[in-house]
Each structure stands twice: as C-alpha cells, then as structure tokens.
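# Descriptive structure summary
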Amino acid sequence: MATPKQWGLTDPLSTALPTEKELASNDALIAELKSQNTFEPAEDTEKRASALRTLQRVTLEFVKHIGKEKGLAPSIVENAGGKVFTFGSYRLGVYGPGSDIDTLIVAPRHVTRDDFFEHFPDLLAKASTPGAIEELTPVPEAHVPIMKLEYSGISIDLIFAQLQVASVPMSLDLADKSLLRGLDETNLRSVNGTRVTDEILQLVPQTKTFRLALRAIKLWAQRRAVYANVVGFPGGIAWALMVARVCQLYPQATGSIIISKFFHIMKTWPWPMPVMLKDIEGGPLQVRVWNPQIYPGDKRHIMPIITPAYPSMCATHNITHSTHEIIKRELSRAEGITNDIISGKKPWKSLFEKHSFFTEGYKYYLTVNAASRTKEAQSLWSGLVQSKVRRLVTGIEEAQVGVRLVHPFNKGFDRVHRCRSEVDVQEVLQGSLKHQAKDIKTETTDQANDIKQAVAAQGAADNMAVDVSNDEKATGDDGTMTVFTTTYYVGIELWPDARTLDISFPVGQFKSWCTEWPQYNEEVNSIRIIHTRNYDLPADLFEPGETRPTRVKKKAAKQAQPIATKRSFSNTDMSVRTNEQSKAVSAVRRPCISRSPLLENNNPNSAKRLQSGSLNGTLMSSNGTRTPN
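A brief look at the structure comes next.

The rules behind these values
Residues numbered from 1 in each chain as written. Predicted model: local features only at pLDDT ≥ 70, side-chain atom pairs only at ≥ 80, totals over all residues. Heavy atoms only, no water. Helix = DSSP H or I, 4+ residues; strand = E, 2+ residues; numbered from the N terminus. Buried < 20%, exposed > 50% of the residue type's maximum accessible area, 1.4 Å probe, protein only. Contact = heavy atoms within 4.5 Å. Areas by Shrake-Rupley, 256 points an atom, 1.4 Å probe, with all protein chains shown as cover. Pairing = 2+ DSSP bridges. Axes fitted to C-alpha atoms, helices over the stretch in contact; angles between N-to-C directions. Core = buried A, V, L, I, M, F, W, Y, C linked by side-chain atoms within 4.5 Å. Salt bridge = Lys/Arg side-chain N within 4 Å of Asp/Glu carboxyl O. Parallel < 35°, antiparallel > 145°, perpendicular 65-115°, else oblique. Left-handed = near helix turned anticlockwise from the far one by under 90°. Expected span 1.5 Å × (residues − 1).

### Looking at the overall build of the protein
- Check the secondary structure of the protein and you find 18 helices and 13 strands.
- Sorting the 629 residues of the protein into buried and exposed places 56% on the buried side.
- Taking the contacts inside the protein whose residues are at least 6 apart along the sequence as the reference set, 76% of them involve residues at least 24 apart.
- Accessible area for the protein stands at about 28,000 Å²; split by element, carbon and sulfur atoms hold 49% of it.

Right, here's the structure in full:
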C-alpha cells in the first residue's frame, strides 16, 4: 500500500475520504457563501481579466518606451519584455464583489521606479477608453510604493519591481530565487507578495478546497472583527497560511470539514510554536530571515505565522497579548458553532453572525478622536494615529493597572462636521456629533478606501507630505468651518477585583508618539482620547435592528459605600469635562484646533491628571454631552 504524500512538516492527521453527510454539508456551505454575496458574477470577473490584459499591453509598451528614451539598441528594446503578476485575494482565488486586484509590474534593469511613476500613468491613459481611469493616486513614499487605480469600476493596487536582468519574458517565474540577486529592500518587498501567494498555492493538497475554506474563514474573521494587521489581528495572508496548514493535515477533506477542524486546531495550537507550511529556506541574499534563535525580536512574537517564500518572515508580528486572547475567544466560540453545524443543529449562516463589539462587548471604551481642518491632512493624520493604536494597546497592557483586556476595533469611523464657531470646533474635537454634516454619511476606513490613509496606517506617514494644492476649503463663504474626524474605539475589560484605573502614562505616551510626527501641525491636527460608557456610544455605530446598550438604573443602596471601593477613571490623561471646564470652553475666543482648555498635555512624564472622582463622577461622553455615570 502506497504511503500517503506528506504535505507540510508533519504527516496528515487523516486521509479519510469525505462521507455523503460531509459532502452535503459542503454543498450547504457553498450555498450559504453565495447567499452572503461572497462570489462575483462571471461578467465582473471577465472585466477584471480585461483590465489585466490592458495592463499587460501597457507594460510592454512602457518598457519599450523607456528603453527608447534611454537610447538602448533596437534589438534590446524589442526583447525587453515586462510582465504583470497578481497576488493577494485575487491570485488566491478568494476575491469577491468590490475586491481590489493586487497587481505587480515587473520590468528589466533599465526601467526604474521613478520611470514607472512618471511615465506609466500617461501610457495607460492613452491605451484606455475615455473615462476608464476614474481615479489614479500615486503614493511613491510608501514602504512598498504603490499606485491606486479605479479602472472601469475595478479597484487596482499597482506596485512595481525592477529586476537585475536584461529582459522579462512572459515565461519568467518569480519562484526562481536567483532573480532576487541585486534587489534592494524596496524591490524585494515588492516581489514578496507574489512569491508568497504562489508558494501557498503550491503547498496545499487541493486548491479548490483551500479556496472554499479560506473564503469562509475570511468572511468569518471580517464579520467577527478579527481581521486587521494594523491594529494587531491577523491580516489576509496570515489567515490564508493558517487555513493552508489545516488543509495539509486533512488532504482529502471537504471545505466544510477543513473549517470545522480549523477552529479546533488553531484554538489549541501550542503558541508560540510557529505555523509553517514548510521548513525555512536559505537563499542568495544577506537579508534577515525569521529566526527566534538569533533575533530576540522574533522570540517575542506571540502568535508567529511564517511565510513560506524566501526570505521567510512573520506575518503576525503585530499580535498583542490582548488581541491574541480575543482571537482565541473567537476561535473557541466558532468551534462550538461549527460542531453544531456539522451535527445538523445549526445552519452555516450562524457562523457568520456579526460581532458584538459595540452591542454587548464592553462597559467601558476609549474613544480615540483624530481630527484635521482639511481632508488631505486628515488622510495622513488619521492613518498615522491608527498606526499607533496598537502601541496604545500594548502600553495599557504593560501598565498593569487592573485591565484584563484591551480590544481595539479593527476599523475607524470617518465623519465630516460643519461648525459655526471655535466653540463648536472644540465640541467636535471632544467627540460631539452635534455638528456632523447631515448630507455625508459616516464611513468606516475600509469603506472610504483612502489609499493614503491606508499607507500611512501601515507606518509610512513619516515619509509622506501633506499636499494641500487640491484640498477642500476649510472655511466656507458663510464662515462655516469644516472639521474631518476619524474615530477609533478601544474596548476595556477590567479584572473583577479592579477598583481604580490609572492609564495616564500610556495615554500620554500615545499622544506624544502621534504629535511627534514630522508633519504634525497644531493649527490643523488634533488628537483626543475620551472615556466613553457603552450607553453613550454614537448611534451610527449600530445597524438597523441592533440593540444599543442602555444605562441600567441602580437600586438605591441602604447605606453609602466608600468611594474607594468603586472603580475610578481618574488619572487617565483622557479628556474629562467638569462644569468649570465647560465654562472655560465658552470663554475661548480663538483657540488652536489642537489645544483645549479641557486637556492638552502630550508629555507622558508630566501628564495632566484631571480628577473626575469615581465612576459616579461626571465624565465627557462621546456624543459631547455631560453624562453622570
């Protein structure tokens, strides 16, 4: 009897063929994913293919154009080639309606990145039908320089790599490690996405099964709000690697069984043992490869998931102790649900129920309110602030102040406000929605799909300059001032015996990290951290039919309890409003947008500690009203 092929680093846990019941469950899963609108219509998929064919034609013309400009011999120009690769969800085959296409243009050595940003847009415009390019935003300052396209209704993220070869034929395969010789760090990062994606597809037993399971896991992770590398959750590639590993352990299983096994295996995984699809390989470059035996930083990774392509890296270095605990809770919850699904007690749609972060998640929240006077400035500022939220989480974790869990929500909320006075502006900075523009709907940062915000959130804000040449006018003809805000919410879970809370140092440090940004302008940008009770969360965080938390009326106590026995949010360095401070706001004539008589001290070593008493004190709620606790 032939020995079953080993996929990955260990023998499979089971090679059993699926039963009729398992096949039926798989069919039910496919039907549910279709009803959830995760599959794209065939005509839309053809539009994507057409757009990629256009990009390939333009790439060939672009490489020739640069060769002619640089005076290369006609024979070299004619054979220089150029090739378009894809990666991410499109290459993995798990894209859906509205998904971006992650695209890589590879060119030979005579074509530089500067050539790409200077010449490619014009050549694309000439080769396209009028109006096909709906939007084109170049971001050359990003860690992986990128050009964001809206092309015939399709979102395309376009990056570029220059190989040290004379020609790039259509037969070129980036799996060849020798092609990495001579690449700088930027080019190496640019080709890494395609190399990792292609390697994953080579390392799973059944591509079709892997794609079905991954499509379901991605939907689950997005619905449960545990999908966002920026704030400390796994991103798309990390979830793909975890699913691929489970596929290796059950090479004959259906997608439905892979999902069921996935939650159990990942819930009980002995972290920090890494998830790997194969042994880590060496290569021709003097570059860092993930190795906790050599690098202390790698040893500190809480939930390491390692990319298979050389040079191997950890895809989950941003995971914190709190987000790891949240992930484990969600995996445990999902395991129970899938067990009921497989046994026929529940339908598949129960797995994809929306998170309860705002409806039932926490009693206390931190509201991180980033604001700017202009839209362009807000794109970078809000991304910069989001890139620091994970550090706020770890700062509170390390402070050991009675906090059990610090849960950052995986998206920000963009709002636009129109103010008549500086007093109105101060209310907006403090979290009030009284002046929110009625004709502009609140959007999540994902819905806004602002490429500059996304790039800044990934840590590139220091290299980006604020371009105000085409920015919206901050003050209207009638004197109305427009303020743009992006708000990030962080749930706080306290230990049962916690009685006080002092997070003044991590909050003050977080503010310092933000305001130390080279592009920070106190006349334009503002950052406030506000304590918010669950019953004060804004209405636009809730979908129709969801139940908002309400304030529970306490029964009258027979005798007064000492204040010291109650949990306190004093000494938090968060914005807290008292009656006297409210009067001070009204007396302001020309306040700077970033400064407030309420609280503005960004030095963590001298953080201003406004006393609010116990939780029965009067705190500033997120909707801008004074709310007694």
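Let's pick the thread back up.
### Side note on the sheet that holds strand 3 (residues 133-139)
- Read from one edge of the open sheet, five strands run 1-2-5-4-3, paired in mixed fashion. Either end of the sheet is taken by a strand with one partner, and the two such strands are strand 1 (83-87) and strand 3. Direction aside, the axes of adjacent strands within the sheet are offset by 25° on average.
- In this sheet, strand 5 (residues 154-162) lies alongside strand 4 (residues 146-151) in antiparallel orientation, the contact comprising six bridges. Along strand 5, the bridge assignment pairs Met147 with Leu158.
- Its contacts with the sheet place helix 6 (residues 185-202) against strand 1, strand 2 (101-107) and strand 5, and it is angled at close to 120° to strand 5.
- Contacting strand 3 and strand 4, helix 16 (residues 451-460) runs over the sheet at an angle of about 25° to strand 3.

### Thoughts on the environment of Gln206
- Secondary-structure assignment places Gln206 in the loop between helix 6 and helix 7 (207-223).
- Residue Gln206 is classed as partly exposed on the basis of its relative accessible area, which comes to 31%.
- For the pair Gln206 and Ala244, spaced 38 residues apart in sequence, the C-alpha separation works out to 9.7 Å.
- If sequence neighbours within four positions are ignored, Gln206 has contacts with Pro251, Gln252 and Ala253.

### Considerations on the environment of Tyr250
- Within the secondary structure, Tyr250 is located in the loop between helix 8 (236-249) and helix 9 (255-267).
- Look at Tyr250 and you get buried, because its relative accessible area is 13%.
- Along the primary structure Tyr250 and Asp11 are separated by 239 residues, whereas in three dimensions their C-alpha atoms are 9.6 Å apart.

### Points about the side chain of Arg373
- When you line up the elements, Arg373 lands in the loop between strand 6 (364-372) and helix 13 (375-399).
- With a relative accessible area of 13%, Arg373 lands in the buried category.

### Quick word on the nonpolar core
- Of all hydrophobic cores here, the largest spans 73 residues; its most connected members are Phe210, Trp220, Trp239, Phe262, Met266 and Leu351.
- Secondary structure elements with two or more residues in this core: helix 1 (20-35), helix 6, helix 7, helix 8, helix 9, helix 11 (321-342) and helix 12 (357-361).
- The greatest single-element share of this core, amounting to 10 residues, is contributed by helix 8.
- Contact partners of Leu351, with chain neighbours within four places excluded, come to Trp220, Ile259, Phe263, Ala334, Ile337, Thr338 and Ile341.
- The next biggest cluster of nonpolar side chains, apart from the first, holds 58 residues, and it includes Ile159, Leu163, Leu172 and Ile529.

### Section: the pattern of salt bridges
- Under the defined criterion, the tally for this structure stands at 27 salt bridges.
- Arg329 is the partner of Glu325 in a salt bridge, and the nearest nitrogen-oxygen pair spans 3.3 Å. Of the two residues, Glu325 and Arg329 both sit in helix 11, four residues apart, roughly one turn of that helix.
- Two residues, Arg333 and Glu353, come together in a salt bridge whose shortest N-O distance is 3.6 Å. Taken together, the residues span a long stretch of sequence, with Arg333 in helix 11 and Glu353 in the loop between helix 11 and helix 12 at a distance of 20 residues.
- For Arg333, a relative accessible area of 26% puts it in the partly exposed group.
- When salt bridges with common partners are traced through the structure, they connect Glu325, Lys328, Arg329, Arg404 and Glu493 into a single cluster.

### Describing the packing of helix 7 against helix 8
- At a minimum axis distance of 10 Å, the contact between helix 7 and helix 8 shows a crossing angle of 135°. With respect to helix 8, the axis of helix 7 lies oblique. In terms of crossing hand, the pair formed by helix 7 and helix 8 is right-handed. Two secondary-structure elements touch here, helix 7 through Phe210, Ala213, Leu214, Ile217, Trp220 and Ala221 and helix 8 through Trp239, Ala240, Val243, Ala244 and Cys247.

### Observations regarding the pairing of strand 4
- Burial analysis of strand 4 places six of its six residues in the buried class, which makes it a mostly covered element.
- Burial of the side chains of strand 4 extends over both faces: Ile146, Lys148 and Glu150 are buried on one face and Met147, Leu149 and Tyr151 on the other.
- As defined by bridge partners, strand 3 adjoins strand 4 across six bridges and the pair is classed as antiparallel. Bridge pairing links Thr137 to Lys148 in strand 4.
- In textbook terms, the turn of a hairpin is the stretch between consecutive antiparallel strands, and for strand 3 and strand 4 this stretch comprises six residues.
- Joining the antiparallel neighbours strand 4 and strand 5 is a turn of two residues, in which Ser152 adopts a positive phi near 55°.

### Thoughts on helix 11
- Between the first and last C-alpha of helix 11 there are 31 Å, a value that for 22 residues agrees with the 32 Å anticipated at 1.5 Å per step.
- Every buried residue of helix 11 is accounted for by Ser322, Thr323, His324, Ile326, Ile327, Glu330, Leu331, Ala334, Glu335, Ile337, Thr338 and Ile341.
- If you follow the buried residues of helix 11, they end up packed against helix 7, helix 8, helix 9, helix 13 and strand 7 (403-408).

### Some thoughts on helix 7
- The terminal C-alpha atoms of helix 7, which comprises 17 residues, lie 24 Å apart, in line with the 24 Å expected from a rise of 1.5 Å per residue.
- The element helix 7 is largely enclosed, with a buried count of 12 among its 17 residues.
- Buried within helix 7 we find Thr209, Phe210, Leu212, Ala213, Leu214, Arg215, Ala216, Ile217, Lys218, Leu219, Trp220 and Ala221.
- Residues of helix 7 that are buried in the fold lie against helix 1, helix 4 (88-92), helix 6, helix 8, helix 9 and helix 11.
- Following helix 7 by one or two positions, Ala225 has its phi on the positive side, about 60°.

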